[in-house]
Amino acid sequence: MPSHYLLSKCARATNTNALFLALSSSDYDVIAFTETWLRSDVSSSELFSEYNFYRCVRNSSTSNSSRGGGVLIAVKKKFKSSLVSLPGDNRLEQVAVCLELPKQSIYICCVYIKPGSDPSIYGEHCACVRRLTDISKIADSVILLGDFNLPSLTWNFDSDIKSYLPTNVSSEQEAILTESLLENGLMQIFNLPNQNGRLLDLAFVNNVNCCEICEPPSPILRIDVHHVPFILILDVRNTDSEKSLDVWQYDFSRCDYNVINDAIANINWHNLLEHCPTDEAVLRFYNSINLLINEHVPVKKLRKMPNNHQPWWNPELNHSRNRLRKARKRVFKHRSDQNKQSLHHLEQQYEANRNACFREYINRIESKVKQDPFSFWHFAQSRKHSKGIPSNLLYRDRKSSKAEDSVNLFADFFKTVYCNDPPTTQREAINYVRMLNLFLPSSITLSNGEVASALAAVDSSKGPGPDGLPPLFLKQSATALAKPLTMIFNSSLTSGVFPSIWKLRQLHQFISLVAGITLKTTGESRF
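It should be emphasised that the depicted structure is a prediction, and the values quoted were computed from it without experimental measurement.

Enquirer: How do you make sense of empty space enclosed by the protein when you look at a structure like this?
Expert: It is a probe the size of a water molecule, rolled over the atoms, that shows where empty space is left. The tally for this structure, following the rule as stated, stands at two cavities of 30 Å³ or more. Counted as a void, the second largest cavity has a volume near 40 Å³. Considering the residues around the second largest cavity, the lining is formed by Phe190, Leu192, Pro193, Asn194, Arg198, Leu199, Leu200, Asp201, His226, His227 and Val228.

Enquirer: Help me understand the side chain of Ser81, please; the structure alone is not making it clear to me.
Expert: Residue placement: Ser81 occurs in strand S5 (residues 80-83). By relative accessible area, which is 15% here, Ser81 ends up buried. At 2.7 Å, the side chain of Ser81 forms a polar contact with the side chain of Tyr54. Setting aside residues no more than four positions away along its own chain, Ser81 makes contact with Asn52, Tyr54, Val75, Val97, Cys98 and Leu99.

Enquirer: Even after reading the chapter, I still don't get the nonpolar core, so can you show me in this structure?
Expert: For soluble globular proteins, the rule of thumb is that nonpolar side chains tend to be buried together. Formed by 59 residues in total, the largest nonpolar core has its most connected members in Ile73 and Phe148. Counting residues per element, this core draws most heavily on strand S7 (residues 105-112), which supplies seven residues. Within the second largest apolar cluster, 35 residues are counted, among which are Val297, Leu469, Leu485 and Met487.

Enquirer: When you look at the state of the cysteines in this model, what are you seeing that I'm missing?
Expert: Here a disulfide denotes a covalent bond joining the sulfur atom of one cysteine to the sulfur atom of another. By the definition in use, this model includes zero disulfides. Cysteine Cys128 shares no disulfide, and the gap to the nearest cysteine sulfur, in Cys109, comes to 7.3 Å. Its relative accessible area of 1% is what places Cys128 among the buried residues.

Enquirer: Looking at this model, I keep getting lost on the confidence of the model for the protein chain. Mind explaining?
Expert: Regions with low pLDDT should not have their predicted coordinates read in detail. Confidence along the protein chain averages 80 in pLDDT terms, with 76% of residues attaining 70 or more. Within the model, the stretch residues 505-527 combines pLDDT values under 50 with 25 contacts to residues more than four positions away or in other chains.

Enquirer: In this structure, what is going on with the packing of aromatic side chains? I would like to understand it.
Expert: A ring pair, where both rings are aromatic, is described by two values, the distance of the centres and the angle of the planes. In total, this model carries 17 aromatic pairs according to the counting rule given. Measuring from ring centre to ring centre gives 5.9 Å for Trp269 and Phe285, while their planes differ by 45 degrees; the resulting arrangement is tilted. Residue Trp269 is found in helix H5 (residues 269-273), and its partner Phe285 is found in helix H6 (residues 278-296); the two are separated by 16 residues along the sequence. By relative accessible area, which is 4% here, Phe285 ends up buried. Through pairs of rings, three or more aromatic residues link up here, namely Tyr250, Phe252, Tyr257 and Phe473.

Enquirer: Would you explain a nonpolar patch on the surface in this entry?
Expert: A cluster of nonpolar side chains, Phe410, Phe413, Phe414, Val417 and Tyr418, forms an exposed patch at the surface whose accessible area comes to about 540 Å². For Phe410, the location among the structural elements is in helix H10 (residues 403-416).

Enquirer: Hey, could you run me through the pattern of salt bridges in this one?
Expert: For side chains of opposite charge, pairing can occur when their charged atoms come near one another. Per the stated rule, a full pass over the model turns up six salt bridges. Between Arg284 and Glu280 there is a salt bridge; the shortest N-O distance is 3.2 Å. A residue pair is termed a helical-turn pair when its members lie 3 or 4 positions apart in one helix, as Arg284 and Glu280 do in helix H6 at four residues. With a shortest N-O distance of 2.7 Å, Asp412 and Arg398 are connected by a salt bridge. Taken as a pair, Asp412 in helix H10 and Arg398 in strand S18 (residues 398-400) lie far apart in primary sequence, 14 residues in all. With relative accessibility at 38%, the residue Arg398 sits in the partly exposed group.

Enquirer: Could you clarify how one ought to interpret helix H4 (residues 257-265) in this entry?
Expert: An α-helical segment advances 3.6 residues per turn. Residues three or four places apart therefore align on the same side. By the burial criterion, the buried members of H4 are Tyr257, Ile260, Asn261, Ala263 and Ile264. Taken end-on, H4 shows its buried residues confined to a sector of 160 degrees, consistent with a single buried face. Exposed side chains of H4 directed beyond 90 degrees from the buried face belong to Asn258 and Ala265. Buried-residue contacts for H4 involve H5, H6, helix H13 (471-476) and helix H14 (478-495). Two to three positions downstream of the cap, the backbone nitrogen of Asn258 sits 3.1 Å from a side-chain oxygen, assigning the N-cap of H4 to Asp256.

Enquirer: Mind showing me how you'd approach the pairing of strand S4 (residues 71-76) here?
Expert: Each regular strand shows side chains that alternate between the opposite faces of the sheet. In terms of residue burial, S4 counts as a mostly covered element, since six of its six residues are buried. Of the strand pairs in this sheet, strand S3 (residues 51-56) and S4 are connected by six bridges, and their pairing is antiparallel. Across the sheet, Cys56 pairs through a bridge with Val71, a residue of S4.

Basis of the calculations
Residues numbered from 1 in each chain as written. Predicted model: local features only at pLDDT ≥ 70, side-chain atom pairs only at ≥ 80, totals over all residues. Heavy atoms only, no water. 1 Å grid on protein atoms, 1.4 Å probe; cavity = no way out; pocket = protein on both sides within 12 Å on 5 of 7 lines; lining within 4 Å. Points joined across faces, edges and corners; volume = space filled by probe spheres on them. Helix = DSSP H or I, 4+ residues; strand = E, 2+ residues; numbered from the N terminus. Buried < 20%, exposed > 50% of the residue type's maximum accessible area, 1.4 Å probe, protein only. Polar contact = N/O pair within 3.5 Å; in protein donor to acceptor, adjacent residues only side chain to side chain. Contact = heavy atoms within 4.5 Å. Core = buried A, V, L, I, M, F, W, Y, C linked by side-chain atoms within 4.5 Å. Disulfide = S-S within 2.5 Å. pLDDT = per-residue confidence, 0-100. Phe/Tyr/Trp six-rings, centres within 6.5 Å; stacked < 30°, edge-to-face > 60°. Patch = residues over 30% accessible without salt bridge, like charges linked within 9 Å, V, L, I, M, F, W, Y side chains within 5 Å. Areas by Shrake-Rupley, 256 points an atom, 1.4 Å probe, with all protein chains shown as cover. Salt bridge = Lys/Arg side-chain N within 4 Å of Asp/Glu carboxyl O. Arc of directions from axis to C-beta. Pairing = 2+ DSSP bridges.

Shown next, in the form of structure tokens:
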């Protein structure tokens, strides 16, 4: 039964590249930072794509200071995780996440409370934690990690409850925190003081029997002398989240295209497609082709495994990473000095190799940005790209605060680049009519040969589109597929109806295909 690790580290992550490289080498399932120093203009996609990031960035509501603070929880994407909304936490630098496993859920909350905070801040935080314990079930795990900044509070181990109890509660802040959390069944299990002999960071759990605290063999970032990084090992019920998934896929490289092309040619496409609407014709075409593929194309089993490799990786670095992982496992099983020294050496060796490979990669794409702009933009998009509609957008003097407003701002911008005014001069009118006539249905008719030539010219090394038909299949069956596709294309052009399914699936490919055929046929310039 696997164990899942949580690493709590109060780090000042001002160097996003260092954090990015550290996360790319991390084997931890969940990582919690109780003081990130990350600003709001640092996108989560800049950190590492293998994790889902849940952040609370310092703002005017949580602190008068713009520097420091900020909490973060990073969860490996192989786990189903979601943000837990806690009521009344607008004044708190905290974030809560739920990991949904097959047989239980894990609730994790990470908080930073600045020194000298008002007792009401501790009260609001305890109310949020109470909310987590209320929504959790008996089999679930609740974990609270935080920098509470209560340096005078001391903790002594109680063997009966296998956790630490406070012994010198004196301030109102200390009383609110300890009494509330203990009342909610959370027990404190962290006791690794910093260099000053104080505990600023604490770890509370609802089940001490399945948790273990230990020091990391090697921290993922530089250690802050005031905060000790630690690993929380959590034993969970047996889960299939780490198992690979076997996927069956058609193997178009091993099929007999002579048999497939004969089968396609034997279909009476005239009776099947001639007298039906364009949308219906496309659906009939796909149904017939999918039946043939299911009958004549062999399948192969693919084992989908997570791939964390970055573009700067090489075989030597991969080998070094595998040795490092084995050394980490040995340390967790047998924490001898020899194993720790071996791990420390491998950590240093791997970090040096990784940083060298990364610098070499960056220098290469920077030096060849003109000759190979694709590599540069591929890397830039991997660090900056975020999916979905932006909630915060600025257009002229208007701002959006939600996705719906952002969409309207985009619509207003697009309106400004179009002109609805009719032509005012004779020359404009002539050009306008020529443009309309260019796309009249009667002006474009495709032949089987033109469609077959376009299909045969596709790049067979590319991957399949959303319909699952790879370019290799289209290329090898170009002559056989030309007849039904020509009928569909001409039906679309004559009726003026673009197939609905291609609006969702193959709009770009269809336009490129038709445009290429038309330009070759007419010899006219479209621009």
